[in-house]
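Tertiary structure, described
Take a look at the letters that make up each chain.
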Amino acid sequence: MADHVQLLAEVPFPWHQIQWQRLANQFQSKQLPHALLIYGNKGLGKSLFASRFAQFILCQTPQKHFACGICKNCVKTDESANHPDVLCVQPEEGKHNIVIDQVRSLSDFIVHTSHSGGAKIVILNGAHNLNLNSANALLKTLEEPTPNSYLFLVTELPGSLPATIRSRCQRLPLIAPARKMARQWLTERLPEEDEIQLDRLLSDAQCGPLLAIDLAGQD
């Protein structure tokens, strides 16, 4: 897997710009919805997008539409650290599903007072891995949102989520970049690869630049 700590600093990527601007405007006008459904193919940086936007929400000295990257909250929300007001949830190691106990824990987390005096944020990676019981438990949290709390559901398979959950989230699709943009981005990060190999990687990755980087690192 590519170095996500390093990549986090680059977010928003070029193919994120429109969606990032839209959310930043909503947040700064106090219209950001309680729940976002962030979806798209593999290799587009959906989880990185969610992590970086969480950093922007909690930043103490934001610069226009971006986190400053150096305040105490920014340092803590870097993937190499842990911010007490950000909770990342995903299937436990060796398991396929996000289980009901994990959803109960996130529901308990989100209702408690923020440590930093700001927002509470949950990032639910692989949201399509919710089973029936955990999805029903999450629905209760979505129906009764806590003030100044945000829930980001990240998935490659939005259609696998119950309609009741999808209907309570604002949808944010991340779209694969044009091949020219993706090739240029890859060229800067994989200078040892020739143009034919870059095109092959992009085809195999369905134009997902981060997946292409991972494929390049495989035998």
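Residues numbered from 1 in each chain as written. Predicted model: local features only at pLDDT ≥ 70, side-chain atom pairs only at ≥ 80, totals over all residues. Heavy atoms only, no water.

Describing the overall build of the chain
Our working rule: To qualify as a helix, a DSSP run of H or I must reach at least 4 residues; to qualify as a strand, a run of E must reach at least 2; elements of each kind are numbered from the N terminus. Between buried and exposed lies partly exposed: a residue is buried under 20% and exposed over 50% of the maximum accessible area for its type, with that area taken using a 1.4 Å probe on protein chains only. Contact criterion: two residues are considered in contact whenever any of their non-hydrogen atoms come within 4.5 Å of each other. Using the Shrake-Rupley algorithm and a 1.4 Å probe, accessible areas are obtained, with residue cover drawn only from the displayed protein chains. His is not counted, nor are the chain ends, whereas Lys and Arg count as positive and Asp and Glu as negative. Lys charges are placed at NZ, Arg charges at CZ, Asp charges at CG and Glu charges at CD.
Helices and strands together make up the secondary structure of the chain, namely ten helices and five strands. On the principal axes, the C-alpha backbone points of the chain span a range of 50 × 40 × 30 Å. Taking all 219 residues of the chain together, 47% fall into the buried category. Sequence-distant contacts, at least 24 apart, represent 73% of the contacts inside the chain between residues at least 6 apart. Here the chain has roughly 11,200 Å² of accessible surface; of this, 49% comes from carbon and sulfur atoms. If you average the places of the 20 positive and of the 21 negative side-chain charges in the chain, the two averages end up 10 Å apart.

Here we look at the packing of helix α2 (residues 17-28) against helix α3 (residues 46-58)
To keep things clear, this is the line we draw: Only the contacting stretch of a helix is used when fitting its axis, a line to C-alpha atoms as for every element, and angles between N-to-C directions run 0 to 180 degrees. The scheme is simple: roughly parallel for angles under 35 degrees, roughly antiparallel for over 145, roughly perpendicular for 65 to 115, oblique for anything else. A crossing counts as left-handed when the near helix is turned anticlockwise from the far one by less than a right angle, and as right-handed when that turn is clockwise. Under the convention adopted here, Pro, Cys and the residues Ala, Val, Leu, Ile, Met, Phe, Trp and Tyr are nonpolar, Asp, Glu, Lys and Arg are charged, and Gly plus all remaining residues are polar.
Between α2 and α3, the shortest axis-to-axis distance is 12 Å and the interhelical angle comes to 30 degrees. Considering the angle they form, α2 stands roughly parallel to α3. Seen from above, α2 lies across α3 with right-handed handedness. For the pair α2 and α3, the contacting residues are Gln19, Trp20, Leu23, Ala24, Phe27 and Gln28 in the first and Phe49, Arg52, Phe53, Phe56 and Ile57 in the second. A per-class count over the contact of α2 with α3 returns eight nonpolar, two polar and one charged.

As for the pattern of salt bridges
As a reminder, the rule being used: Put simply, a salt bridge is a Lys or Arg side-chain nitrogen that is within 4 Å of an Asp or Glu carboxyl oxygen.
Enumeration over the complete set of coordinates arrives at seven salt bridges. With its nearest N and O atoms 3.6 Å apart, the salt bridge here joins Arg179 to Asp199. Residue Arg179 is located in helix α8 (residues 179-189), and its partner Asp199 is located in helix α9 (residues 195-204); the two are separated by 20 residues in the primary sequence. Classification of Asp199 by relative accessible area gives partly exposed; the value is 21%. Between Glu188 and Arg189 there is a salt bridge whose closest N-O contact spans 3.2 Å. You can call Glu188 exposed: its relative accessible area is 55%.

A closer look at the nonpolar core
Put simply, the test is: Side-chain atoms within 4.5 Å are what join buried Ala, Val, Leu, Ile, Met, Phe, Trp, Tyr and Cys residues into a set we call a nonpolar core.
One finds Ile38, Phe53, Ile121 and Phe152 to be the most contacted residues of the largest nonpolar core, which totals 46 residues. Broken down by element, the residue count for this core peaks at eight residues, all from α3. For Ile121, the residues in contact, after removing those within four places along its chain, are Ala54, Ile57, Leu58, Asp85, Val86, Leu87, Phe109, Tyr150 and Phe152. Core analysis: the second largest hydrophobic core is formed by 22 residues, Leu106, Leu130, Leu151 and Cys169 among them.

What to know about the sheet that holds strand β5 (residues 170-173)
For the record, the criterion: A strand pair is defined by DSSP finding two or more bridges across the two strands.
Strand order in this open sheet of five strands is β2-β3-β4-β1-β5, and the pairing throughout is parallel. Each having just a single partner strand, β2 (86-89) and β5 make up the two edges of the open sheet. Recorded for the sheet is a direction-independent mean angle of 20 degrees between the axes of neighbouring strands. Here β2 pairs with strand β3 (residues 120-125) via four bridges, running parallel.

What to know about the pairing of strand β1 (residues 35-39)
The buried fraction of β1 amounts to four of the five residues, a majority that puts the element mostly inside the structure. Where β1 lies against strand β4 (residues 149-155), five bridges are found, and the strand directions are parallel. The partner of Leu37 across the bridge, within β4, is Leu153. Here β1 pairs with β5 via four bridges, running parallel. Note that in β5 the partner of Ile38 across the bridge is Leu172.

Examining the side chain of Asn129
With respect to the element layout, Asn129 can be found in the loop between β3 and α6 (132-143). We classify Asn129 as buried; its relative accessible area is 10%.

Such coordinate-based values are descriptive only and should not be taken to indicate function.
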